[in-house]
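Here is what each chain is made of, one letter per residue.
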Amino acid sequence: MIDSLLLVSSDCFDPYRNLALEEFLLGKLAPGVCILYLWQNERTVVIGRNQSALEECKLQTLNQDGGHLARRLSGGGAVYHDLGNQNFTFLLPSADFDKARQTEVLCLAMQKLGLNAQVSGRNDLTIEDRKFSGHAYYHSRKANKAGGIKCSYHHGTIMVDVDGAALGNYLNVNPLKLKAKGVKSVKSRVANLVDFRPETTCKEVRQAVTEAFGEVYGLPVGELSLSEGDLSQLDELAARYKSEEWLLRGEEMLERSAEGRFDWGTSRIDWTCDEGKLAKVALWSDGLDADLLEEIPAKLIGLDARNAELAKSIQERGVPEQVSIDLAGLLQAGAR
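Residues numbered from 1 in each chain as written. Predicted model: local features only at pLDDT ≥ 70, side-chain atom pairs only at ≥ 80, totals over all residues. Heavy atoms only, no water.

> An account of the overall build of the protein chain is needed here, citing residue identities and associated values.
The helix and strand tally for the protein chain stands at 13 helices and 14 strands. A globule of 336 residues ought to have a C-alpha radius of gyration of about 20 Å, and the protein chain, at 20 Å, matches this closely. C-alpha extents for the protein chain along the principal axes are approximately 60 × 45 × 35 Å. Put simply, the protein chain has 336 residues, and 53% of those count as buried. Summarising the internal contacts of the protein chain: among those between residues at least 6 apart in sequence, 71% fall at separations of at least 24. With the model as given, the accessible surface of the protein chain reaches about 15,300 Å², and the carbon-plus-sulfur share is 48%. In the protein chain, which carries 39 positive and 48 negative side-chain charges, the distance between the mean positions of the two groups comes to 3 Å. (Helix = DSSP H or I, 4+ residues; strand = E, 2+ residues; numbered from the N terminus. Rg over C-alpha atoms; globule rule 2.2 N^0.38 Å. Buried < 20%, exposed > 50% of the residue type's maximum accessible area, 1.4 Å probe, protein only. Contact = heavy atoms within 4.5 Å. Areas by Shrake-Rupley, 256 points an atom, 1.4 Å probe, with all protein chains shown as cover. Lys, Arg positive; Asp, Glu negative; His and termini not counted. Charge placed at Lys NZ, Arg CZ, Asp CG, Glu CD.)

Encoded structure:
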């Protein structure tokens, strides 16, 4: 049960350091504590852990404009951040993770600003059917050192006054997603809070979210101070988030490729065969279960993509039934 609320507000706009602090806070969590972390990045495309950087981002244009590519620990889709966007993260013990309650904080914050937010789809908030906030989730598999507990976070964006032109310039949006949403472009389905309430500022949003945080949980909100020792530990984590190894994940062209949109995410699978058996596999996806999706390629090695029982074989290797069926369909279509 949550019995203590803490606030961390970053004054840094470096995406690598902000993502490092987010991961660091997971390790600081103690039982019964929920941390609200508020942060902003300057001109950054942030992709989900299992997404293709080259497919999701117009990397050359972003680099030319002095922007940043970042890859987060959680799954989900690509988003654009600038200083017109307010990011939030709820960090708490996995046993206390409550998506509905955490989302209630955000909806109440919007009410405080005179806005009526609605939950839409698997991880969006909308106003008048236009998305202003997208969410993703991470659940650790191991207990942290500080509290000896498994921890989770729920994070996302709140678009206050984001540069819409930049969003279009830097993001590639898969046509399968647009078709599923019934829209022609990402710009046509997203909105800023200033579109509904012109005077809205990120400072106001931070204040509203902080107040709603305390009200929904019924507890006072304290501030978490980080020591110099804490801050020094962020350097190593930030360097990993900035590394090419983490950002590009060794992406390369393989012999075959197939993609599809499923209930669990839009996905592309690339593979090479040796004597009919899968020899090298890459899976790029905006699915929310980042750990599962990262493990799947290794589970597929050695299987025959032409086998009529392929879905069953994949499931026997520990992949959920529907995901196994969907991936088998892609592999079999690409193997013809």
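> Talk me through the environment of Leu83; I want residue IDs and the actual numbers.
With respect to the helices and strands, the residue Leu83 is situated in the loop between strand 5 (79-81) and strand 6 (85-93). Residues Leu83 and Ala333, spaced 250 residues apart in sequence, show a C-alpha to C-alpha distance of 44 Å. When residues no more than four places from it in sequence are discounted, the contact partners of Leu83 are Phe13, Gln40, Asn41, Glu42 and Cys202.

> Quick rundown of the packing of aromatic side chains? Include the residues and the values.
Evaluated as defined, the whole model comprises nine aromatic pairs. Considering the side-chain rings of Tyr138 and Tyr153, the 5.5 Å spacing of their centres and the 40 degrees angle between planes classify their relative orientation as tilted. Here Tyr138 is found in strand 9 (residues 130-139), whereas its partner Tyr153 is found in strand 10 (residues 151-159), with 15 residues between them in sequence. Neither residue differs from the other here; Tyr138 and Tyr153 are each classed as buried. (Phe/Tyr/Trp six-rings, centres within 6.5 Å; stacked < 30°, edge-to-face > 60°.)

> Lay out helix 8 (residues 202-217) with the relevant residues and their values.
The end-to-end C-alpha separation of helix 8 is 23 Å, in line with the 22 Å expected for 16 residues at 1.5 Å each. For helix 8, every residue scored as buried is listed here: Cys202, Val205, Ala208, Val209, Thr210, Ala212, Phe213, Gly214, Val216 and Tyr217. Those residues of helix 8 that are buried are in contact with strand 1 (4-9), strand 2 (33-39), strand 6, helix 4 (99-112), strand 10 and strand 11 (221-223). (Expected span 1.5 Å × (residues − 1).)

> Tell me about the sheet that holds strand 6, residues and numbers included.
Across the sheet, which stays open at both edges, the eight strands sit in the order 7-8-9-10-6-2-1-11 with mixed pairing between neighbours. Strands with a single pairing partner mark the edges of an open sheet, and in this sheet they are strand 7 (118-120) and strand 11. Within this sheet the neighbouring strands show an average axis-to-axis angle of 25 degrees, counted without direction. The sheet contact formed by strand 7 and strand 8 (residues 124-127) spans three bridges and is antiparallel. Each residue of the ladder has a partner; that of Gln118, found in strand 8, is Thr126. Set on the sheet, helix 1 (residues 15-28) makes contact with strand 1, strand 2, strand 6, strand 9 and strand 10; between it and strand 2 the angle comes to about 175 degrees. (Pairing = 2+ DSSP bridges. Axes fitted to C-alpha atoms, helices over the stretch in contact; angles between N-to-C directions.)

> Would you mind going over the state of the cysteines in detail, with residue names and values included?
By definition, a disulfide links two cysteine residues through a covalent bond between their sulfur atoms. For the structure shown, the criterion picks out zero disulfides. The structure places no disulfide on Cys12, whose sulfur is separated from the nearest cysteine sulfur, that of Cys202, by 16 Å. Cys12 gets classed as partly exposed once you look at its relative accessible area, which sits at 23%. (Disulfide = S-S within 2.5 Å.)

> Residue-level account of the pattern of salt bridges, with values.
Scanning all chains against the criterion turns up 18 salt bridges. Notably, a salt bridge pairs Arg49 with Asp291, separated by 2.4 Å at the nearest N-O pair. Highlighted residues: Arg49 in the loop between strand 3 (44-47) and helix 2 (53-56) and Asp291 in helix 11 (residues 290-300), separated in sequence by 242 residues. Taken individually, Arg49 and Asp291 each receive the classification buried, so the pair is uniform in this respect. Connected through salt bridges with shared partners, the residues Arg49, Arg141, Arg249, Asp291, Glu294 and Glu295 form a single ionic network. (Salt bridge = Lys/Arg side-chain N within 4 Å of Asp/Glu carboxyl O.)

> Hey, could you go over the nonpolar core for me, with residue numbers and the actual values?
Judged by nonpolar contacts, the single largest core of 44 residues is most densely connected at Ile35, Val45, Leu69, Tyr80 and Leu91. Excluding residues that lie within four positions of it along the chain, Tyr80 makes contacts with Arg43, Thr44, Val45, Val162, Asp163, Ala166, Leu167, Tyr170 and Leu171. By size, the runner-up hydrophobic cluster in this structure holds 32 residues, among which are Ile2, Phe132, Val205 and Val216. (Core = buried A, V, L, I, M, F, W, Y, C linked by side-chain atoms within 4.5 Å.)

All we've got here are geometric facts, nothing functional implied.
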